[in-house]
Amino acid sequence: MLSALLLSFAVIFVAELGDKSQLMAMTFALRYKWYVVIGGITVATTVVHLVSVAVGHFLGVSIPTEAISIVGGIAFVIFGLWTLRGDSLSDDEDAKASRVTKSAFLAIASAFFLAELGDKTMLATVTLAADNDWVGVWIGSTIGMVAADALAIVVGAVLGKHLPERMIRYGAAILFFVFGAVLFFEGLMPGTAAPYIAAGAIGVLSAVLVAVFVRRSRSKLVRQQEKHSAVERA
């Protein structure tokens, strides 16, 4: 069991480095508390990798990853729209803050669950479980993925302290739209360059729209300030 644990930890940790899940973890960490993000990731990873070892060790059947990817892509677009809306809380809205935290936890857990189904780390876990102790593979792969994503969470938390709230919100939304495009087209047109072409187009379009929106907001703010100054002088 120990050898299976160490092997699966090393394989999944290395496979996760540079993966979209790390970018997702960093994106969520820009918006929410680190313990909410790590909690959601841990729950989702535990469930996904339990399914993986069951498939590899007991069932030996394939998972309909294309349909799951399409659903995941749509879900990520919803997460992006939710991020754009933002969460405005006053100091005394403890009940509302609690609801936002619970919603964030569920969103993070479901996002990682959908993103990891059919991902290379899940397929690696399935393969490892076919030839090694499934309990060791389950524990090792879960710890390996959480550890890799924790690195990204640290980066996201540090960046979140030095970036403006609006920039964080817009940047996170763009990343969610890009993730959504990749997942959707991976399910719709697997094995082609369509996911990456769509992701690039969505990313550029979203960045342009955000830039236009920010410019208009600044112009509006300047006009309001000029109008206010004119009223004061009068």
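In this text the structure is predicted, and so the values were computed from the model without any measurement. (Residues numbered from 1 in each chain as written. Predicted model: local features only at pLDDT ≥ 70, side-chain atom pairs only at ≥ 80, totals over all residues. Heavy atoms only, no water.)

Trainee: Give me the lowdown on the overall build of the protein chain, citing residues and values where you can.
Mentor: Helix and strand content of the protein chain: 9 helices and 0 strands. Beginning at the N terminus, the succession of helices and strands in the protein chain can be written as α-α-α-α-α-α-α-α-α. By residue count, 41% of the 234 residues in the protein chain fall in the buried class. Here the contacts in the protein chain between residues at least 6 apart in sequence split such that 87% fall between residues at least 24 apart. (Helix = DSSP H or I, 4+ residues; strand = E, 2+ residues; numbered from the N terminus. Buried < 20%, exposed > 50% of the residue type's maximum accessible area, 1.4 Å probe, protein only. Contact = heavy atoms within 4.5 Å.)

Trainee: Run through the nonpolar core, naming residues and quoting values.
Mentor: In this structure, Phe28, Ile41, Phe76, Ile108 and Phe112 are the most contacted members of the largest nonpolar core, which totals 30 residues. If you list the elements that add at least two residues to this core, you get helix 2 (20–31), helix 3 (34–59), helix 4 (65–85), helix 5 (94–116), helix 7 (134–160) and helix 8 (165–188). By residue number, the principal contributor to this core is helix 5, which donates 7 residues. Excluding its chain neighbours within four sequence positions, the residues that come into contact with Phe28 are Val37, Ala107, Ile108, Ala111, Phe112 and Phe176. Val178, Val182, Ala199 and Val214 belong to the second-largest nonpolar core, a separate cluster that totals 7 residues. (Core = buried A, V, L, I, M, F, W, Y, C linked by side-chain atoms within 4.5 Å.)

Trainee: Break down the packing of aromatic side chains for me, with residues and values.
Mentor: Each pair of aromatic rings is reported with the distance of its centres and the angle of its planes. What the rule picks out here adds up to 6 aromatic pairs. Where Phe28 meets Phe112, the ring centres are 6.2 Å apart and the plane angle is 40 degrees; that geometry is what we call tilted. With Phe28 in helix 2 and Phe112 in helix 5, the pair connects residues that are 84 residues apart, well separated along the chain. As far as burial versus exposure is concerned, Phe28 and Phe112 are alike and both buried. An aromatic cluster of three or more residues is present, and its members are Phe28, Tyr32 and Phe112. (Phe/Tyr/Trp six-rings, centres within 6.5 Å; stacked < 30°, edge-to-face > 60°.)

Trainee: Could you give me a rundown of the environment of Asp131, with the residues and numbers involved?
Mentor: Mapped onto the secondary structure, Asp131 falls in helix 6 (residues 120–131). The exposure class of Asp131 is exposed, given its relative accessible area of 67%. Asp131 sits 74 residues away from His57 along the chain, and the two C-alpha atoms are 7.8 Å apart.

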